[in-house]
Amino acid sequence: MRPVPRFGKTPMQWPGSDPSSGGLLAGAPTSPWDERPIREELFSVERLEEHGRSLAAAQVLLPKPGRRDVLAKRLAQNEAVLIAAYHDVAAAVEAGAAITPAAEWLVDNFHVVEQQIRNIRNALPRGYSRQLPKLAAGSFAGLPQVFAVAWAFVAHTDSRFDPEQLRRDNGAYQEVRPLTIGELWAVAITLRIVLVENLRRLADRVVASRAGRRDADDLADRLLGAGGHPAEPSAA
């Protein structure tokens, strides 16, 4: 299996720092569903621990968990987008078109992605996320606390999973705010949910890039009279 492709090295800068957001203390997104890749400044394990303590101290929880089950709905949406992206790239391969390394990775590893989504759905009982403690304010308001913790871990590790880093990050967080048994059980599943979320955003970029390339090729064909198109006169 090829390594997951990287889409640039510049950390994503999100406007609007909000210490109570339950997200990334240094520049939380206005919405967790804003479609930009989940990527922030890359942290060492020591910086991850420091960030975990700061995050735990800043978060405020709702007095009751609430009844919304947003994560299951979002997972279904992400699955649909990933399937559509896979079919788009697979059709290009079938037609003999050139594809990027990122698109090639998606085609080669889509069976793994599908399996992970099935594992999440099978392991997470229907309505389980409704029972998890929810954040009261900020960008992640109404979403499970453990979801925001997993989101920050993914963002500050560039989606590279290391069990020791996760253990130390969660351990530092719990020095300030212990997680419930239910939240600890949900850490692994929630981490997968966030990784699938990030993959969906990267797949969106793959499809958008392919669409832009097709439009550019069509324009060039019209201007040059290639591909069965009569040449169009230039504006000059």
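Attention in this report is confined to the structure presented alongside it. Given the structure is predicted, the values throughout are model-derived calculations rather than measurements. (Residues numbered from 1 in each chain as written. Predicted model: local features only at pLDDT ≥ 70, side-chain atom pairs only at ≥ 80, totals over all residues. Heavy atoms only, no water.)

Re the packing of helix α4 (residues 145–157) against helix α5 (residues 163–176)
The geometry of α4 relative to α5 is characterised by a closest axis approach of 11 Å and an angle of 135 degrees between their N-to-C directions. Considered as vectors, α4 and α5 are oriented oblique to each other. The handedness of the crossing between α4 and α5 is right-handed. Residues Gln145, Val149, Phe153 and Thr157 of α4 touch α5, and the partners they reach there are Gln165, Leu166, Asp169, Asn170 and Tyr173. Considering only residue class, the contact of α4 with α5 consists of 4 nonpolar, 4 polar and 1 charged. (Axes fitted to C-alpha atoms, helices over the stretch in contact; angles between N-to-C directions. Helix = DSSP H or I, 4+ residues; strand = E, 2+ residues; numbered from the N terminus. Parallel < 35°, antiparallel > 145°, perpendicular 65-115°, else oblique. Left-handed = near helix turned anticlockwise from the far one by under 90°. Contact = heavy atoms within 4.5 Å. Nonpolar A, V, L, I, M, F, W, Y, C, P; charged D, E, K, R; others polar.)

Some words on α4
Every α-helix winds through 3.6 residues per turn, so residues three or four apart in the chain are directed the same way. For α4, spanning 13 residues, the distance from its first C-alpha to its last is 19 Å, which sits close to the expected 18 Å at 1.5 Å a residue. In terms of burial, α4 is largely enclosed, as 13 of its 13 residues are buried. A positive phi of about 55 degrees marks Asp158, the residue just after α4. (Expected span 1.5 Å × (residues − 1). Buried < 20%, exposed > 50% of the residue type's maximum accessible area, 1.4 Å probe, protein only.)

Observations regarding the layout of surface pockets
Counted as a void, the second largest pocket has a volume near 250 Å³. Forming the boundary of the second largest pocket are 14 residues, of which Asp69, Ala72, Arg121, Leu124 and Arg126 lie nearest the centre. In terms of residue count, helix α2 (residues 70–94) provides more of the lining of the second largest pocket than any other element does, 3 residues in total. Across the lining of the second largest pocket, the residue classes break down as 8 nonpolar, 2 polar and 4 charged. (1 Å grid on protein atoms, 1.4 Å probe; cavity = no way out; pocket = protein on both sides within 12 Å on 5 of 7 lines; lining within 4 Å. Points joined across faces, edges and corners; volume = space filled by probe spheres on them.)

Focus: empty space enclosed by the protein
Evaluated as defined, the whole model comprises 5 cavities of 30 Å³ or more. Put simply, the second largest cavity is a space of about 40 Å³. Lining of the second largest cavity is provided by Val146, Val149, Ala150, Leu166, Asn170, Val187 and Leu191. Sorting elements by how many residues they give to the lining of the second largest cavity places α4 first, with 3 residues.

Topic: the pattern of salt bridges
Following the criterion strictly, the structure yields 12 salt bridges and no others. A salt bridge links Glu79 to Arg121, with the shortest nitrogen-to-oxygen separation between them at 2.8 Å. Placement of the pair is Glu79 in helix α2 and Arg121 in helix α3 (residues 101–123), with a sequence separation of 42 residues. With relative accessibility at 23%, the residue Glu79 sits in the partly exposed group. Its salt-bridge partner being Glu164, residue Arg167 comes within 2.6 Å of it at the nearest N-O pair. Residue Arg167 and its partner Glu164 are both found in helix α5; the two are separated by 3 residues, about one turn of the helix. Linked through salt bridges whose partners overlap, the residues forming this network are Asp34, Glu35, Arg36, Arg74, Glu197, Arg200, Arg201 and Asp204. (Salt bridge = Lys/Arg side-chain N within 4 Å of Asp/Glu carboxyl O.)

Notes on unusual backbone geometry
Phi is positive for Glu35, close to 80 degrees, though the residue is something other than glycine. Mapped onto the secondary structure, Glu35 falls in the segment before α1 (45–58). Residue Asp158 is not a glycine yet carries a positive backbone phi of 55 degrees.

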